[in-house]
Amino acid sequence: MRRWLKTIGFLVLSVFLSHFIPFNEFFRNLDTMIHEFGHAVVTLLLQGKVMYIELFANHSGVTYSQISQPWSLIPIAMAGYMTASLFALFLFRVRAHDRERLGLQVVTLIAIAALILFVRGEFGVMWLIGFILLNVVMLAFMPAWIRDLYYLLIAFLTLEESVMGPFSLVLYALRDPSKAGDATNLALVTPIPAFAWGLIFTLFALWCAVRAITLFLRGRTSENRRSPAIYTRYGE
């Protein structure tokens, strides 16, 4: 219970402090990109066809796809929020192993793949190009301490959005179950109502957040603190 309370406290503090960070709105689109990328990848894995993805300035997005089997709508609809939550956990797990550079490389490769394969529309394309270029600058030209601060910024913003997104579904479902996005789609093909799906996504997001914050508070593991005498990190 203490870990859950700590996590909620960190998330509330993150929501408050992040609004004072310049350009924080720009980085919030990362969670949306991962969300929609999750839909797209699962669609392809289930032999569906991804037509395109659109990302919008209000941090929302949509994946247009065609599926061959009606049942595949369930894992595809579930993939968005769960992929975003797992990816936020991944960012903190990578940091716990002192591999922020690797984490940024993975984020950049996903953004490049999304740009080439899926995303259409002016805002989404321009945002991805800007985000990719910024990551390249951080990886190639910035000192390690600036790059690691940048990494921590996007990690916390992604974690925050990964929890607030599904929580908003619960609120939408309470007001109008027909306007709760993925939860509505799942409610149409399962006996579980949109409100319950929103709650499931929120609990899963909090489960991932608890583990992410635990990794953050624990810091880097001792075995990953390598001595400069026996280890050199290239590219810094």
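Residues numbered from 1 in each chain as written. Predicted model: local features only at pLDDT ≥ 70, side-chain atom pairs only at ≥ 80, totals over all residues. Heavy atoms only, no water.

Undergrad: Looking at this model, I keep getting lost on the packing of aromatic side chains. Mind explaining?
TA: Each aromatic ring pair is specified by the distance between its two centres and by the angle formed by the two planes. Inspection of every chain in the model, using the stated rule, returns 13 aromatic pairs. Ring centres of F204 and W207 lie 6.0 Å apart, and the angle between their planes is 25 degrees; on these two criteria the pair is classed as stacked. Here W207 and F204 lie together in helix α9 (residues 194-218), a separation of three residues that amounts to about one turn. Among the residues examined, F204 registers a relative accessible area of 22% and is labelled partly exposed. (Phe/Tyr/Trp six-rings, centres within 6.5 Å; stacked < 30°, edge-to-face > 60°. Helix = DSSP H or I, 4+ residues; strand = E, 2+ residues; numbered from the N terminus. Buried < 20%, exposed > 50% of the residue type's maximum accessible area, 1.4 Å probe, protein only.)

Undergrad: So what exactly am I meant to see when it comes to the confidence of the model for the protein chain here?
TA: Counting all residues, the mean pLDDT for the protein chain is 87, and 84% of those residues have values of 70 or more. With pLDDT under 50 throughout, residues 222-236 is counted as low confidence; its partners more than four residues away or in other chains account for 12 contacts. (pLDDT = per-residue confidence, 0-100. Contact = heavy atoms within 4.5 Å.)

Undergrad: Sorry if this is basic, but what is going on with the pattern of salt bridges here?
TA: A side chain with one charge can pair with a side chain of the opposite charge if their charged atoms come near. All told, the structure shown has four salt bridges when counted by the stated rule. Among the salt bridges present, the one from R28 reaches E25, with a minimum N-O distance of 3.8 Å. Between R28 and E161 there is a salt bridge, with the nearest N and O atoms lying 2.8 Å from each other. Of this pair, R28 sits in the loop between α2 (24-27) and α3 (29-45) while E161 sits in helix α7 (residues 144-175), and the two are 133 residues apart along the sequence. The exposure class assigned to R28 is buried, which follows from its relative accessible area of 3%. Within the structure, one salt-bridge network assembled from shared partners comprises E25, R28, E160 and E161. (Salt bridge = Lys/Arg side-chain N within 4 Å of Asp/Glu carboxyl O.)

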